[in-house]
Amino acid sequence: MTIPSPQSDNGDSHDADPPSTPPRFTPQDRTSSQPDIHLPDELWLTILDSPCTFNPSIFTEIMYNLIKNPNITSSHLFRADIYYDSDEARPQNQHHFREEYRPLAFSLPGYETTRTIVRKLIPRNPQLDDHLLQTCHFLFKSDSDQEETLVIYTPHVRTAEEMPFYHPAVSRLAFTHTQHLLTKTATISISYSLFPSPAPSTPLPSKLTRTALRLLQTLHKHGQGKLSGYEKRVHLDQLIPQKRYQDTYARLKAKYGRFLAEKWVEVTDASKHVFEDIAIAAFLVELWGDLYSFPDLAGKPPFPGFVDIGCGNGVLVYILLSEKYPGWGFDARARKTWSTFPAEVQAKLQKRLLVPSIFPQQQQQQQPYEQPDETTLQWTNGLFPKGTFIISNHADELTAWTPLLAYLTSSSFVAIPCCSHDFTGARFRAPPSKMLSAYASLVSYVESLAVEVGFETQREVLRIPSTRNLCVFGKYIDLDAGGGDGGDGRLERVVGIVEREVKMSVEAVGKAWVERGMGLGAKPGSGH
């Protein structure tokens, strides 16, 4: 068997991130040697092995993480839902009582079964691939020479034809960690139990070989990373549980993805922008479900409507309106995409320049927000109806303004920063904090402004196809109820913050902002 060159991970980039550490992954072909597993009624074949230096406890920990997060090894999978775990005092739900969810029995002579898990593999595209139930057994054996720890995956299918595309077409697969006690060395290996066939394939199909290589390489990488002290820095799903978010994303993608991609008229990549906005919409739908009542019920406030400031291509506004969330969006530049939406959506996408109410240019006409006139580029002063949820998705010049606008209108907000601009609209590097990158500094800057004016903030790493995937959620706290700032006091406070940050008078800041904004409105719109 020819072993392909080890590949870099191409699964979920947030999860598959431990760095490679010595010793190097050196896979050896085992297909011509005796398999690690012997059962009289099953055809087992050990495909590859490799030396490692991590111990059985790290192996067990890494394998459990891979069982919970199959997206680490397959970009076709969202996640795994755990339906039964023998280590839990009470199983997660009652599905395991149904026959198809019950653990499939497996035993190996001389080995003790230490844990059994039933999981359901959830594909990214359920329209193409079906889910797959799988029983995972942890086994252990010890003698005077070595300790063996095995993890056996058994899919709940009877034939290779029933197997989804994303899973190798084998009846079982096994990972083995062997700790050699005398030499104080260790190896890991991967084995397949093949489906019965009248004419066994020789050699092994290349797809099965490539899959074995990838799975063993990922195990080696994560095990050695754990041994070297690696701790995961990116923690997903802090605000919204993974299952809820991904189920909503799959629903929205099936409902809107094809239409939006086929109707795309911008020069930018439809696959990036469309599915990124679908993912953000899924996050907002779930977040709003936690914050507000639909319909109005006791215990939660009613949904206050939304405004997408710097809405760009309008895809996010279109999806949210189509899901019956009232709101609108504006941008200093219209986009060609707007014309592809139904008339009722187009009416909610406005070409408008936001000139904040603190500027003298707005002081002379301090009227509350009104529905804009579609015929001309008009200003909006950012005084939206009280409580309107503010969305700031890669809003660039408006990013730093987002928590201040929300403060002035007693609103909660979500900001997904991208490019860094100061309060005049000029490009700048946000004040660095603890040697952070420019992007991380911008996120921290937005969060610090929100905290300064009284917001309760939380961060989320969004599951979107972008490196600019950090989100700041600012939850409005009613300061007035506790004797906080009133309307005039808030204006004065925001003026003080802006003048402090740019070291200019508010009059000079307003002049620079309007000049830059009018120039921006004259440019053709980009894809976002």
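Just above sits the structure.
Calculation notes
Residues numbered from 1 in each chain as written. Predicted model: local features only at pLDDT ≥ 70, side-chain atom pairs only at ≥ 80, totals over all residues. Heavy atoms only, no water. Helix = DSSP H or I, 4+ residues; strand = E, 2+ residues; numbered from the N terminus. Buried < 20%, exposed > 50% of the residue type's maximum accessible area, 1.4 Å probe, protein only. Contact = heavy atoms within 4.5 Å. Areas by Shrake-Rupley, 256 points an atom, 1.4 Å probe, with all protein chains shown as cover. Expected span 1.5 Å × (residues − 1). Pairing = 2+ DSSP bridges. Right-handed = clockwise from strand over helix to strand, strands pointing away. Phe/Tyr/Trp six-rings, centres within 6.5 Å; stacked < 30°, edge-to-face > 60°.

### Quick word on the overall build of the protein
Moving on, step 1. A tally of helices and strands in the protein yields 11 helices and 16 strands.
Moving on, step 2. The burial tally for the protein puts 53% of its 528 residues in the buried class.
Moving on, step 3. Looking at the protein alone, contacts between residues at least 24 apart form 65% of all its contacts between residues at least 6 apart.
Moving on, step 4. Of the roughly 24100 Å² that the protein leaves accessible, carbon and sulfur atoms contribute 53%.

### So, helix α2 (residues 206-227)
Moving on, step 1. With 22 residues, α2 should reach 32 Å at 1.5 Å per residue; the first-to-last C-alpha distance of 32 Å fits that figure.
Moving on, step 2. With 16 of its 22 residues buried, α2 lies for the most part within the structure.
Moving on, step 3. The first or second residue beyond α2 is G229, which carries a positive phi of 95 degrees.

### Thoughts on the pairing of strand β14 (residues 413-416)
Moving on, step 1. Alternating residues of β14 divide into F413 and A415 and V414 and I416, and every residue in both groups is buried.
Moving on, step 2. Summarising the sheet, strand β13 (residues 389-393) and β14 pair through four bridges and their orientation is parallel. Residue pairing across strands places S392 opposite A415, the latter belonging to β14.
Moving on, step 3. With respect to chirality, the unit in which β13 leads through helix α8 (residues 402-408) into the neighbouring parallel β14 is right-handed.
Moving on, step 4. The pairing of β14 with strand β16 (residues 470-475) spans three bridges and is antiparallel. Paired with A415 across the strands is V472, a residue of β16.

### Observations concerning the packing of aromatic side chains
Moving on, step 1. Counted under the stated rule, the structure contains 21 aromatic pairs.
Moving on, step 2. Their ring planes at 25 degrees and their centres at 5.9 Å tell us that W288 and F306 sit as a pair that is stacked. Taken as a pair, W288 in helix α4 (residues 270-291) and F306 in strand β9 (residues 306-309) lie far apart in primary sequence, 18 residues in all. As far as the burial class goes, W288 and F306 line up, both buried.
Moving on, step 3. Ring geometry for W401 and W513: centres 5.9 Å apart, planes at 65 degrees, overall edge-to-face. Here W513 lies in helix α11 (residues 506-521) and W401 lies in the loop between β13 and α8, a separation of 112 residues in the sequence.

### Some details on the sheet that holds strand β2 (residues 43-52)
Moving on, step 1. On the basis of which strands lie adjacent, the open sheet formed by eight strands has the order β1-β2-β8-β7-β6-β5-β4-β3 and antiparallel pairing. Sheet topology places β1 (28-29) and β3 (77-85) at the edges, where each strand pairs with a single neighbour.
Moving on, step 2. Looking at chain direction, strand β5 (residues 132-142) and strand β6 (residues 146-155) are connected through nine bridges and run antiparallel. Directly across from L139, in β6, lies its bridge partner L150.

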